[in-house]
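# Breakdown of the fold
Residues per chain are reported as follows:
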Amino acid sequence: MALTCRPYGTLGRQPDTFFTDNLKYISGKDEYYGYTLATILVQYQPKIINSQKTNDKRAEWINGAILFGIAAPLVVLVGFMITLF
């Protein structure tokens, strides 16, 4: 039984990680390859951040639904007990 939803979304590195003095994480055939990839990553960074925010919000909704699913039988049981007494 799942009691909470694990965080999910971006499993790799954030684009800021690649911006070091010599772009040591990005290497390629020529000197402009790393720069080109870094530029593309900068353009995708807002989308990555937005995706992470929506994934976090989705996880909050899932956790709320799990909590509601666990609490619902208890509420019904208490309501049933009140009607008997």
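Structure report, in brief. Treat the numbers as computed from the prediction; the structure is a model and nothing was measured.

This paragraph deals with helix H1 (residues 31-84). A rise of 1.5 Å per residue sets the reference length of H1, with its 54 residues, at 80 Å; its end C-alpha atoms lie 79 Å apart and thus fit the reference within 8%. The sharpest bend along H1 reaches about 40° and sits at tyrosine 44, with the proline proline 46 one to four residues further on. All buried positions along H1 are accounted for by Gly34, Ala38, Gln45, Asn55, Ala59 and Ile66.

For the structure shown, the criterion picks out 1 salt bridge. Lysine 57 is paired through a salt bridge with glutamate 60; the nearest N and O atoms lie 3.6 Å apart. Of this pair, lysine 57 and glutamate 60 both sit in helix H1, 3 residues apart, which is roughly one turn of that helix.

Our focus in this paragraph is a nonpolar patch on the surface. Residues Leu77, Phe80, Met81, Leu84 and Phe85 make up a contiguous nonpolar surface patch of roughly 600 Å² in combined accessible area. Looking at where leucine 77 falls in the secondary structure, it is placed in helix H1.

Calculation rules
Residues numbered from 1 in each chain as written. Predicted model: local features only at pLDDT ≥ 70, side-chain atom pairs only at ≥ 80, totals over all residues. Heavy atoms only, no water. Helix = DSSP H or I, 4+ residues; strand = E, 2+ residues; numbered from the N terminus. Expected span 1.5 Å × (residues − 1). Bend = angle between axes of the 7 residues up to and from the residue. Buried < 20%, exposed > 50% of the residue type's maximum accessible area, 1.4 Å probe, protein only. Salt bridge = Lys/Arg side-chain N within 4 Å of Asp/Glu carboxyl O. Patch = residues over 30% accessible without salt bridge, like charges linked within 9 Å, V, L, I, M, F, W, Y side chains within 5 Å. Areas by Shrake-Rupley, 256 points an atom, 1.4 Å probe, with all protein chains shown as cover.

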